[in-house]
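Working through the structure, step by step
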Amino acid sequence: MSLINNLKSAFEPRWQALNSREKRLVRSAVGVLAVVVIYYGLWTPLQNGIAQRQAAITAQQSLLDWTRQATGVYLARTDTAKGQAVNSGASITQRITDYASRNNITITRMQPQNNGLLVVIEQVGFNDLLTMLDTLQASSGLRVDSLDIAEGGAAGVVRVRKLQVSER
């Protein structure tokens, strides 16, 4: 309070010395100065901040849209590449045949049994067999009931003597 009182006491004699015309001029100048300070000190920074936030929101929204689109494309490509885009409405035979043809696996024999299917594969890589079993169970709606494998003709190759699959 003492600072305000000191300023008031310093300017009071000068203010009293001004005539009415000069007082109106000073009041007008103080009013214009107040408007300029409010405009450039408050309003303009607020408007610039709002515009920057709107631009950031727009950029983040477009990034989100792109990410959603890219995720969809990625998942579609991943499903197709892994052979997971299998029609669960198709028969067991069709699902296994589709998977095998997409992954270059030659099925020697398929034989229907009760509500399942018996599959025989002459030569398949062990890792390819594991991937096939995982994919059939995870995304084709099939269950592996039994599996009988034997050594193949080369390292890492097996013969599937009996692969019994059924609907889940």
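Every value quoted in this text rests on a predicted model; they were computed, and no experiment measured them.

1. Describing the overall build of the protein
A count of helical and extended segments in the protein gives 4 helices and 4 strands. Reading the protein from its N end, one meets helices and strands in the order α-α-α-β-β-α-β-β. Taken over the C-alpha trace, the protein has a radius of gyration of 40 Å; the compact-globule value for 168 residues is 15 Å, which it surpasses by more than 25%. Summarising its shape, the C-alpha atoms of the protein cover approximately 115 × 30 × 25 Å along the three principal directions. For the protein, the share of sequence-separated contacts (at least 6 apart) that also reach a separation of at least 24 residues comes to 48%. Accessible area for the protein stands at about 12100 Å²; split by element, carbon and sulfur atoms hold 57% of it.

2. Re the environment of Leu163
Mapping Leu163 onto the fold places it in strand β4 (residues 157–167). Ignoring any residue separated from it by four or fewer positions in sequence, one finds Leu163 in contact with Leu117, Leu118, Val119, Met132, Leu133, Val144, Ser146 and Leu147.

3. Comments concerning a nonpolar patch on the surface
A cluster of nonpolar residues, Val32, Val36, Tyr39, Tyr40 and Trp43, forms a patch on the protein surface that exposes about 550 Å² of accessible area. In this fold, Val32 is placed in helix α2 (residues 20–82). For Val32, a relative accessible area of 53% translates into the label exposed.

4. What to know about the sheet that holds β4
Judged by pairing direction, the sheet is antiparallel, and its 4 strands sit side by side in the order β1-β2-β4-β3 without closing on themselves. Strands at the two margins of the open sheet, each flanked by one partner only, are β1 (107–113) and β3 (142–151). Here the strands of the sheet are splayed against their neighbours by 20 degrees on average, with no regard to which way each runs. Two elements, β1 and strand β2 (residues 116–125), share 6 bridges in a ladder whose sense is antiparallel. Note that in β2 the partner of Gln111 across the bridge is Leu118. Here helix α4 (residues 126–139) sits on the sheet and contacts β2, β3 and β4; the angle it forms with β2, its principal contact strand, is near 150 degrees.

5. Some thoughts on the packing of aromatic side chains
In the structure shown here, the tally under the stated rule is 1 aromatic pair. An angle of 90 degrees between the planes, with centres 4.8 Å apart, marks the rings of Tyr39 and Tyr40 as edge-to-face. Overall, Tyr40 belongs to the exposed group, its relative accessible area being 57%.

6. Regarding the nonpolar core
Counting 18 residues, the largest nonpolar core has Ile96, Ile105, Ile121, Val124, Met132 and Leu163 as its most contacted members. Beyond its immediate chain neighbours, meaning those up to four positions away, Ile96 contacts Ile107, Met110, Leu117, Val119, Met132, Leu136, Leu142 and Val165.

7. With respect to helix α3 (residues 92–102)
Those residues of α3 not exposed but buried are Ile92, Arg95, Ile96, Tyr99 and Ala100. All buried residues of α3 project into a common sector of 125 degrees when viewed along the axis, lining one side. Following α3 by one or two positions, Asn104 adopts a phi angle in the positive range, close to 55 degrees.

What counts, and at which threshold
- Residues numbered from 1 in each chain as written.
- Predicted model: local features only at pLDDT ≥ 70, side-chain atom pairs only at ≥ 80, totals over all residues.
- Heavy atoms only, no water.
- Helix = DSSP H or I, 4+ residues; strand = E, 2+ residues; numbered from the N terminus.
- Rg over C-alpha atoms; globule rule 2.2 N^0.38 Å.
- Contact = heavy atoms within 4.5 Å.
- Areas by Shrake-Rupley, 256 points an atom, 1.4 Å probe, with all protein chains shown as cover.
- Patch = residues over 30% accessible without salt bridge, like charges linked within 9 Å, V, L, I, M, F, W, Y side chains within 5 Å.
- Salt bridge = Lys/Arg side-chain N within 4 Å of Asp/Glu carboxyl O.
- Buried < 20%, exposed > 50% of the residue type's maximum accessible area, 1.4 Å probe, protein only.
- Pairing = 2+ DSSP bridges.
- Axes fitted to C-alpha atoms, helices over the stretch in contact; angles between N-to-C directions.
- Phe/Tyr/Trp six-rings, centres within 6.5 Å; stacked < 30°, edge-to-face > 60°.
- Core = buried A, V, L, I, M, F, W, Y, C linked by side-chain atoms within 4.5 Å.
- Arc of directions from axis to C-beta.

So yeah, pure geometry; function would need other evidence.
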